[in-house]
Structures are given as structure tokens and as C-alpha cells.
Amino acid sequence: MTSTWAGPSSPALEKPSERARVDGRWADLERLRASHPMMDAVIDEVKGRRIRVGDQWLCDFASCNYLGFDLHPEVMASVEGAIAKWGTHPSWSRLLGSPRPYVEIEDQLTDLLGAPDTLVLPTITLIHTSVIPVLAGQGAVLVDAQAHKTIYEGAAIARGAGATLYRVRANDPSHLEEVLRSVPAGMSRIFCFDGVNSMTGNAPDLPEYARICRDYDTLLYVDDAHGFGVIGESPSGEMPYGHRGNSIVRYFDESYDNVVLVAGFSKSYSSLAAFMALPTSLKNYLRVAAPPYLYSDPSPIASLATVLAGFKVNDAEGDQIRTSLRLKTKKVLDQIKKLGLRTLNTSGFPVIELPLGRADDIDAVGRFLFERGIYVTLAAYPLVPRSQVGFRVQMTAANDDSEVQQLNEVLSELAERFEMQRAQPPGS
Ligand SMILES: Cc1ncc(COP(=O)(O)O)c(C=O)c1O
């Protein structure tokens, strides 16, 4: 097989400073970048859900634009008029003044989620790093072992400001209960974890976690970046993802009592903005206590416009789009099952992780996929533990049938060439 990859498409990193060399991450990143065509690449062109890196066209299975709104004509067309009206960027912090579309987004979002209130800020990372410390105060901040790195960043800042950090085993509500019992009486508590998990593609047992948190007077803080837009209310055999894409709390028919939901528009809604669903009293407090509301620039007008257009498209055709997304995902999961490969995905949601049999094969697997025209998210060491090294396929409604077929063919070839982790036979 001849390689079409001519080396990293982004310029070499500068020589490391002494501090970076001691840190070790510089060397790890540069090694990954130099050996993986899908790491820190420069994308030269996009056509539908195909992308060009240098001379190579690839089917993009690394995008998180699950509903394909980034390419939807109505969503794309919403930008020009909004910019004509507002300019490209208002540049006030929200405390100084919010352009009217912010209010429209919060009203419509509150309605869609069936939440008491909502607050829009630019990104989830900004929310975690500014709001978790506010909510944790001098109390206990419990973090699920599989929570997204940005939650850990927020928890680390909280710890720096005087909170005590506890780690809770993933997918183990009884461990949450055990840890909560060990927290000194009288200390405030917040438990942070992921909704639909960005690695496994699975949802946690939210009702059980919510019950425990209520029993122990603990605030449940859930990041559903990957669930919002994809899963929603009243799931059924016919509509396993549920309806309206209104996120994990509604998917489980849970209440917002004692729950703060965080999610973003940057995945399913293809727009740079994020939000919290929360009580109005907390929203009003965060208006003066959360630095991004006070000091950060707002989301670009283009993103506010595409969120509003996204709501319209979601109302008109969202469930149809989710059905198409589910069926495409199912085709890939069926193929994985047929090939006897292990995936962490047990939910049928559109995040499909495939762990390798040998972590050291990641370079060769990355090149193989790239050369076969498949672009995925690599989960390489040290970004994940060695036992979890592999790659992740993210399906979107904008991947066409030929791309799904190409992916399935490449997975068959991959299963022959490389040692992949195998599915456990039923009953074993
Ligand atoms: C679960 C989760 N939380 C947070 C983030 C960060 O989101 P943002 O880009 O809005 O900061 C991501 C991004 O991929 C994510 O997957």
C-alpha cells in the first residue's frame, strides 16, 4: 500500500521551552502530530460531509454536527440578514448588554427543554471553569471518573479556591452514594458528570443518580454536550432517540429539581454558544458571579442567528433528521456486530468508539483509515489510557449513504488487517 500522507499539514511546533520539555506533554503532542495524519491536521476544503486534507479527500466521521445543521440551507441562509442587522460582533459583555437574539434564544430554549430557565454563555468550557467553582464554593465537588476533561478543569479551579475534590467511579451509582456518605456533614455538595458520554456514546442512569443526589442534598450537574439535539422526550421502540432533541433530562422524563443541565449549540446546532438550564434565582446570581457573563465577549451574531434558525428546522424536521441519523448509525453498528468487533457503544447513539487490540497499532490504523478515505477521531495514548486506545466514529445526518457504505467496507478490511478488540460472545 503506498502512502498518500506527506506528513503533518500544520507547521512543526516551535522548539520546546525547558518548562514544556519537563512537562512532557509537548513531546507527546509532537510525536502524535508527526505520526498521525488525523491529528492537528489542516482541512483545506469541505464538500458536504467530505473534507480535503492536502490531496486527499476523506469522508468526515469526526464532525459532531450530528443534525447536519452546518450544511442545512435554511441555517446557512440565516447568517447574512442577521449580520446586516447587527454587524458581525457586538462585543459587549452580556452584563453590559445582550443583543435581542440572546433573549429569543433563552426563551425558546427554556420552552424546548421544559426547564425553569436558561442562561446562554459562549462555550461549555467557559461554563465549567467559571460556574463549577461558584457552585462548589468551599464545599465538596464530586467528579465522575469518565467526566469530560473540561469538567475536571472546572473542578481543579474549584479546588484551588477552597473546595474539596472527590472522584467517583464511572457508571457506579453505589460508589457515588459511598463517597457522599464520606463527605463531612454540613459541607455543600455538587456532583458533576457527563450525559451522553463523548467516548462511549452511552447515557448514564440519570434517574438513579438524580435520586441519590436528592437523598444526599447534592446538586447534580450534568454536561450533555453530545445528547442535546440528539436525544429527547418520550423515547419509544419507533423513536429510540426520543423526540425534539431536548436532551437527557427530558429523555429520562426526569425533573430539573436539584439538577443543572449544561450543553452546547456547538455540536448538534453547529453554532458557537452554550447554555445552562437552571432555576431563575441561580441565573440571577450567575449574572453577577460568573466571569463570562460579566467579562467575556458574547457569541458571534452568526452563531446566534444559526441557533435561532436551528430551532425552526428542529421544529419542522428535527425528528425526521434524527430518524435518518439513527438509521445511519444502526448500519454501522450492525456492521461492527457482524464483524465481531467490540465497541463501547451500547446505546445506538451516534458516537461509536472502537478499541484496538494493540495500542501500538494506532499509528498504522490511523494511516490505514486516512489512506482509505475515512476521517475519524483518534483516541491515542496519552489522551486515553493504553487499554482504551482506538478510534471514534461520529455519525451525522449529513453523512450520505455512499459514505456510510465506504466506512463499512473499510471497517471490514481493517478487521482483517489489524488486531481489534473482539465482542464478547453472548452469555460469556
Ligand atoms: C462532553 C463535552 N463537554 C464539553 C466540551 C467542550 O465544549 P465547548 O467547545 O463548548 O467548550 C466538549 C467538546 O467536545 C465535550 O465533548
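Structure: see above.
My aim in this report is to walk through the structure given alongside it, one point at a time. Note that the structure is predicted; figures quoted are calculated from it, not measured.

Quick word on the nonpolar core
Here is a general trend for soluble globular proteins: nonpolar side chains tend to be buried in one another's company.
And then number 1: The biggest cluster of nonpolar side chains holds 103 residues, and the ones touching the most others in it are Leu142, Phe265, Leu369 and Phe391.
And then number 2: If you tally residues by element for this core, the top one is helix α12 (residues 301-338), at 13 residues.
And then number 3: Leu121, Val131, Leu278 and Leu294 belong to the second largest nonpolar core, which has 30 residues in total.

Some details on the site of the ligand
And then number 1: Near the ligand you find Thr123, Ile124, Thr125, His148, Thr150, Ser198, Asp223, Ala225, His226 and Lys267, and these make up its full shell.
And then number 2: Here an oxygen atom of the ligand and a backbone polar atom of Ile124 are 2.8 Å apart.
And then number 3: Between the ligand and the protein, one listed contact pairs an oxygen atom with a side-chain N or O atom of His226 at 2.7 Å.
And then number 4: Considered class by class, the residues forming the shell around the ligand number 2 nonpolar, 6 polar and 2 charged.

Details of the sheet that holds strand β12 (residues 374-375)
And then number 1: Pairing in this open sheet of 4 strands is mixed, and the strands run β1-β2-β3-β12 from one edge to the other. The outermost strands of the open sheet, each flanked by one partner alone, are β1 (45-47) and β12.
And then number 2: Inspection of the sheet shows β1 paired to strand β2 (residues 50-53) by 3 bridges, in the antiparallel sense. Residue pairing for β2: Glu45 is matched across the bridge by Arg52.
And then number 3: Contacts between helix α13 (residues 362-371) and the sheet are confined to β2, β3 (56-60) and β12, with β3 contributing the most and set at about 100° to the helix.

Description of the environment of Leu304
And then number 1: With respect to the element layout, Leu304 can be found in helix α12.
And then number 2: Overall, the relative accessible area of 0% leaves Leu304 in the buried class.
And then number 3: Along the backbone, Leu304 and Arg31 are 273 residues apart, and their C-alpha atoms lie at a distance of 38 Å.
And then number 4: Once residues lying within four places of it in the same chain are set aside, the contact partners of Leu304 are Pro101, Tyr102, Ile105 and Ser299.

Description of helix α10 (residues 280-289)
And then number 1: Along α10, the residues that are buried comprise Leu282, Lys283 and Leu286. For α10, the arc enclosing every buried residue in end-on projection is 100°, short of the 170-degree limit, so these residues lie on one face. In α10, the exposed residues that point more than 90 degrees away from the buried face are Ser281 and Val288.
And then number 2: Contacts made by the buried residues of α10 are with α4 (100-113), β4 (118-121), α5 (124-136), β9 (259-264), β10 (274-277) and α11 (291-295).

Digging into the pairing of β2
Successive side chains on a regular strand alternate, one facing one side of the sheet and the next facing the other.
And then number 1: Here β2 shows one buried face, formed by Ile51 and Val53, and one open face, formed by Arg50 and Arg52.
And then number 2: Counting the residues in the hairpin turn of β1 and β2 gives 2 residues, including Gly48, whose phi is positive at 60°.
And then number 3: The pairing of β2 with β3 spans 4 bridges and is classified as antiparallel. The partner of Ile51 across the bridge, within β3, is Leu58.
And then number 4: The hairpin turn running from β2 into β3, its antiparallel successor, is 2 residues long, and Gly54 in that turn takes a positive phi close to 60°.

Quick notes on the packing of α4 against α12
And then number 1: Closest axis-to-axis distance for the α4/α12 pair is 10 Å, and the angle between their directions is 30°. For the element pair α4 and α12, the recorded crossing hand is left-handed. Of the residues in α12, those in contact with Pro101, Tyr102, Glu104, Ile105, Gln108, Leu109 and Leu112 of α4 are Leu304, Val307, Leu308, Phe311 and Asn314.
And then number 2: Per-class residue counts for the contact of α4 with α12 are 9 nonpolar, 2 polar and 1 charged.

Examining unusual backbone geometry
And then number 1: For Asn171, which is not a glycine, the phi torsion comes out positive at approximately 50°.
And then number 2: Within the fold, Asn171 resides in the loop between β6 (164-168) and α7 (173-182).
And then number 3: Not every positive phi belongs to a glycine, and Asp217 is a case in point at roughly 50°.
And then number 4: Mapped onto the elements, Asp217 comes out in the loop between α8 (206-215) and β8 (219-223).
And then number 5: With relative accessibility at 63%, the residue Asp217 sits in the exposed group.

Focus on the state of the cysteines
And then number 1: The full count for this structure, using the stated rule, is 0 disulfides.
And then number 2: Lacking any disulfide linkage, Cys59 is separated from the closest cysteine sulfur, that of Cys64, by 17 Å.

Observations concerning the sheet that holds strand β13 (residues 377-379)
The pairing of strands in a sheet comes from backbone hydrogen bonds and takes either a parallel or an antiparallel form.
And then number 1: Pairing is antiparallel in the open sheet, where 3 strands are placed in the order β11-β14-β13. Here the strands that pair on one side only, and so sit at the sheet edges, are β11 (351-355) and β13. Sheet twist, expressed as the mean angle between neighbouring strand axes with direction ignored, is 25°.

Parameters and conventions
Residues numbered from 1 in each chain as written. Predicted model: local features only at pLDDT ≥ 70, side-chain atom pairs only at ≥ 80, totals over all residues. Heavy atoms only, no water. Core = buried A, V, L, I, M, F, W, Y, C linked by side-chain atoms within 4.5 Å. Buried < 20%, exposed > 50% of the residue type's maximum accessible area, 1.4 Å probe, protein only. Helix = DSSP H or I, 4+ residues; strand = E, 2+ residues; numbered from the N terminus. Near = heavy atom within 4 Å. Polar contact = N/O pair within 3.5 Å; in protein donor to acceptor, adjacent residues only side chain to side chain. Nonpolar A, V, L, I, M, F, W, Y, C, P; charged D, E, K, R; others polar. Pairing = 2+ DSSP bridges. Contact = heavy atoms within 4.5 Å. Axes fitted to C-alpha atoms, helices over the stretch in contact; angles between N-to-C directions. Arc of directions from axis to C-beta. Left-handed = near helix turned anticlockwise from the far one by under 90°. Disulfide = S-S within 2.5 Å.

Function-wise, these values are silent; they only describe arrangement.
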